[in-house]
Amino acid sequence: FFFSSRRRHTRLQGDWSSDVCSSDLVKTIKPQPADKEVALALSRVRQIDFSPIRLKLSHITHGEGWSIQEVDAAQLLYIAYLCLLIVSKDNDDLKLAPPIAADKFWHYHILDTRKYIHDCDFLFGEYLHHYPYFGMRGEHDEKNLLSAGKQTMRLMAQHFYGIQGFEPIFLILQ
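One structure accompanies this document, and this report is about it. (Residues numbered from 1 in each chain as written. Predicted model: local features only at pLDDT ≥ 70, side-chain atom pairs only at ≥ 80, totals over all residues. Heavy atoms only, no water.)

## Looking at the overall build of the chain
Stage number 1. When helices and strands are tallied, the chain shows eight helices and zero strands.
Stage number 2. Secondary structure elements of the chain occur, N-terminal to C-terminal, as α-α-α-α-α-α-α-α.
Stage number 3. Classification of the 174 residues of the chain by burial places 42% in the buried group.
Stage number 4. Across the chain, every contact between residues at least 6 apart in sequence was considered, and the portion connecting residues at least 24 apart equals 67%. (Helix = DSSP H or I, 4+ residues; strand = E, 2+ residues; numbered from the N terminus. Buried < 20%, exposed > 50% of the residue type's maximum accessible area, 1.4 Å probe, protein only. Contact = heavy atoms within 4.5 Å.)

## Looking at the side chain of D141
Stage number 1. Considering the arrangement of structural elements, one finds D141 in helix α7 (residues 139-160).
Stage number 2. The contact partners of D141, leaving out residues within four places of it in the chain, are Y133, F134, G135 and M136.

## Thoughts on the packing of helix α3 (residues 51-58) against helix α5 (residues 100-111)
To describe two helices that pack against each other, one gives the angle between their axes and the distance between the axes.
Stage number 1. The N-to-C vectors of α3 and α5 enclose an angle of 110°; their axes lie 9 Å apart at closest approach. By the angle between their axes, α3 is roughly perpendicular relative to α5. The two elements α3 and α5 cross, and the hand of that crossing is right-handed. Contacts between α3 and α5 involve I53, R54, K56 and L57 on the former and, on the latter, K104, F105, Y108 and H109.
Stage number 2. Residues of the contact of α3 with α5, tallied by class, amount to four nonpolar, one polar and three charged. (Axes fitted to C-alpha atoms, helices over the stretch in contact; angles between N-to-C directions. Parallel < 35°, antiparallel > 145°, perpendicular 65-115°, else oblique. Left-handed = near helix turned anticlockwise from the far one by under 90°. Nonpolar A, V, L, I, M, F, W, Y, C, P; charged D, E, K, R; others polar.)

## Some words on the environment of I79
Stage number 1. Secondary-structure assignment places I79 in helix α4 (residues 68-87).
Stage number 2. Sequence separation between I79 and F105 is 26 residues, and the spatial gap between their C-alpha atoms is 9.8 Å.

## Here's the deal with empty space enclosed by the protein
Stage number 1. Considering all chains together, one arrives at one cavity of 30 Å³ or more under this definition.
Stage number 2. Size it by volume and the largest cavity reaches roughly 40 Å³.
Stage number 3. Lining the largest cavity are Y78, L82, H109, Y116, D119, C120, L123, F124 and L128.
Stage number 4. Secondary structure elements with two or more residues in the lining of the largest cavity: α4 and α6 (113-124). (1 Å grid on protein atoms, 1.4 Å probe; cavity = no way out; pocket = protein on both sides within 12 Å on 5 of 7 lines; lining within 4 Å. Points joined across faces, edges and corners; volume = space filled by probe spheres on them.)

Here it is as structure tokens:
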């Protein structure tokens, strides 16, 4: 669903997470408590009502038919990703890419255009654009996506390890 502990298992062609071995991440990350900036971002993101997106993703006919556990885990990954975007807003050198479940959650968020615009304004002060072609424009672009995906997961582990409620992310990494 998110990424495999083996490099070659994937649900999607070109999915960076299929090339991220969870055992590699766990070995290379030294978890640290979230810093103040991330805590402030998390406080802000937690004010967003994600219930309409959760409903849509779990709906069998009009959504993905995900289980509550899948929706919960995707939402946590999306929240962590949004926090990383908030704290890295002024860092143009940092490239991030959401895990596929967080990306799917993001897509469904975008579909509710009024809500998405309102939420982006609240979180970022502007509309957060989504570029869905990252990793699809050749081998170099695919390598950049993989690198951004690994960086994102390292930062998620670094900043969210030990925060109550985020345990499911780290169960995935084990």
